[in-house]
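Listed below are the residues making up each chain.
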Amino acid sequence: MEIITAVRGFKDILPEETGRWQFIEAKARDVFASFGFREIRIPILEKTDLFKRGIGETTDIVEKEMYTFLDRGEEYLTLRPEATASVIRAYLEHNLYAADPVAKLYTIGPMFRRERPQKGRYRQFHQIDVELLGLDNPRIDAEIILMLIHFLKSVGLPEPGLEINSLGCFSCRPSFRKAMTDFLKGKEDQLCGDCQRRLHTNPLRVFDCKNEPCSGIIADAPQLPDFVCDRCRDHFKNVQESLNVFGLSFMINPRMVRGLDYYTKTTFEVTTDFLGAQNAIVGGGRYDGLVKELGGPDIPGIGFAIGCERLLAMIPVKNESFSAKPDLFIAALGDESQQLAFRLCNHFRMSGILTEMDYLGKSLKSQMKRADKFQCAYTLILGEKELRERKAELRNMRQGTQETIGLDGIEETILKFVRAR
Ligand code: AMP
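Counting of residues starts from 1 at the beginning of each chain's written sequence and follows it residue by residue. Totals for whole chains, interfaces and linings use every residue, but because this is a predicted model, local features are given only for residues with pLDDT of at least 70 and side-chain atom pairs only at 80 or more, for both listing and counting. Heavy atoms throughout the structure, all of them, feed into the side-chain values; hydrogens and water do not.

A. Main features of the overall build of the protein chain. Only DSSP runs of H or I with at least four residues qualify as helices, and only runs of E with at least two residues qualify as strands; both kinds are numbered from the N terminus onward. Secondary structure assignment for the protein chain yields 16 helices and 16 strands. Radius of gyration means the value over C-alpha atoms here, while the globule rule gives 2.2 Å times the residue count to the 0.38 power. Relative to a compact globule of 421 residues, whose C-alpha radius of gyration would be 22 Å, the protein chain shows 28 Å and is clearly more extended. For the protein chain, the spread of C-alpha atoms along the principal axes amounts to about 95 × 55 × 45 Å. Working definition: with a 1.4 Å probe on protein chains only, accessible area under 20% of the residue-type maximum means buried, over 50% means exposed, and in between means partly exposed. In the protein chain, which comprises 421 residues, the share counted as buried stands at 49%. Should any heavy atoms of two residues lie within 4.5 Å, those residues are considered in contact. Sequence-distant contacts in the protein chain: of pairs separated by 6 or more residues, those separated by 24 or more amount to 69%. Of the accessible surface of the protein chain, which amounts to about 21,500 Å², a share of 50% is contributed by carbon and sulfur atoms. Charge counting follows a simple rule: Lys and Arg are positive, Asp and Glu are negative, and His as well as the terminal groups are ignored. The location of each charge is read from NZ of Lys, CZ of Arg, CG of Asp or CD of Glu. Across the protein chain, the mean location of the 59 positive side-chain charges is 2 Å away from that of the 60 negative side-chain charges. Here the accessible surface of atoms and residues is derived via Shrake-Rupley with a 1.4 Å probe, and residues count as covered only by protein chains that are part of the display.

Encoded structure:
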């Protein structure tokens, strides 16, 4: 019978890979904690309306990438395609803003988008997501970017390329939208099918298009920074000055519009040369209207999401550096020795010593081979003859030396050896 395989675009993360995952997650927790962020854990499934309202009906995510289903004929539910909307939902549902006007939150977990799977793009992928609610000071934009870059460097990402832009606010963006519509007028026929539609629903999205005719056309398009109002311009200038305080290098990318509707003012991406093509591993920005849009008070916010798969593909830490080698292997021959091995093995484990033994009833020679394969530090040999003489052999696998030790008080003797190395 054929085995059943995983769903296309859904990937297993195998035991030899999980050490690297735990490494970036632990670093994120450490770094974020020192900046005053706390973890929030939110459900994977939400009401579809949350994303429709939060992300925007005319975004690619909502239009074609969500995993949505009718739950037993009752209501439409969606596997979360991103975390921001869910975090804000929880923030509002639990009145977190009443307890403290500023909420600094992060969450780590899987997201789901039905995109075309390819290298670095999956249908289930993971994000480390950070959200800060309640402050609209431009220094906060710089602070959050500083925390991000500090984290990326601390996991070993060489040269994170930071790009920033200002998307303006709800009062200045309409003039840009109009300029874009005017610019694209008469060029409809040259645009791809998607962009012809976007022209009417959301002309800014044309900037996101990777199709050849569209990217050529928008090369001469009006640029966002030329349309932002004085307040947004000041805000953006302040963000840049605050980034300079920390000597953070950045590039202003006036074409960066980001794929979600909720962004206002500062947006940013960290890109790297991912397998030859420039690709974002982090996307983020300010979303001052989103909390209100989701039914809450007028509270500003800013956040970012790091793509874990892409980050892991770019950092030099190797799987091997996380493979734990046993401290001790117990090779035992005969029923009585096996019984003693079983007791000792679990005793040592409960004392925090990584211990392995053989349960297959193999010969002493093949058990020693297994100990070698594990690259363990010590092997305890419990043969039938040794047991009769109430002795055991303890072999130091690295030095190739061996000692005879008595069975009485063997637990303490071994703990002493293992802990001394
Ligand atoms: P976004 O939520 O679209 O701003 O994406 C933030 C980050 O999540 C991106 O920069 C990627 O690193 C990652 N990401 C988004 N979509 C995918 C995907 N389909 N597969 C893998 N990573 C993704």
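Next comes the rest of the description.
B. Structural view of the environment of Glu 309. Position of Glu 309 among the secondary structure elements: in helix α12 (residues 308–314). Each C-alpha atom, one on Glu 309 and one on Val 257, is 23 Å from the other, the two residues being 52 residues apart in sequence. Here Glu 309 is in contact with Trp 21, Tyr 122, Gln 124, Phe 125 and His 126, once residues within four sequence places are set aside. Distance and chemistry together define a polar contact, namely a pair of N or O atoms within 3.5 Å, with one atom able to donate a hydrogen and the other to accept it when in protein, and with adjacent residues in sequence counting only for side-chain atoms on both sides. Within the local environment of Glu 309, its side chain forms a polar contact with the side chain of His 126, the two groups lying 2.8 Å apart.

C. Spotlight on the site of the ligand. Around the ligand there are 14 residues in total, and Arg 113, Glu 115, Tyr 122, Arg 258 and Ile 281 lie nearest to it. Here Ile 281 contributes a backbone N or O atom positioned 3.0 Å from an oxygen atom of the ligand. Notes on the ligand: free accessible area 490 Å², of which the protein chains cover 92%. Those elements that provide at least two residues to the shell around the ligand are β6 (124–133), β10 (277–286) and β11 (301–307). Take the shell around the ligand: its biggest share by element is three residues, from β10. Across the shell around the ligand, the residue classes tally to six nonpolar, three polar and five charged. For this purpose, a residue is taken to be near a molecule or strand whenever a single non-hydrogen atom of the residue falls within 4 Å of it. Polar here means any residue other than Ala, Val, Leu, Ile, Met, Phe, Trp, Tyr, Cys and Pro, which are nonpolar, and Asp, Glu, Lys and Arg, which are charged; Gly is therefore polar.

D. Layout of the packing of aromatic side chains. Any two rings among Phe, Tyr and Trp, with Trp reduced to its six-membered ring, count as a pair given centres within 6.5 Å; such a pair is stacked if its planes are under 30 degrees apart, edge-to-face if over 60, and tilted if neither. One pass over the full model with this rule turns up 14 aromatic pairs. Both rings, one in Phe 32 and one in Tyr 106, keep their centres 5.4 Å apart while their planes meet at 65°; by these two values the pair is edge-to-face. Linking Phe 32 in helix α1 (residues 15–34) with Tyr 106 in strand β5 (residues 103–112), this pair joins segments that are 74 residues apart in sequence. For the residue pair Phe 32 and Tyr 106, the accessibility class agrees, reading buried in each case. Residues Phe 268 and Phe 304 carry aromatic rings whose centres are separated by 6.4 Å and whose planes lie at 65° to one another, so their mutual orientation is edge-to-face. With Phe 268 in strand β9 (residues 264–274) and Phe 304 in strand β11, the pair connects residues that are 36 residues apart, well separated along the chain.

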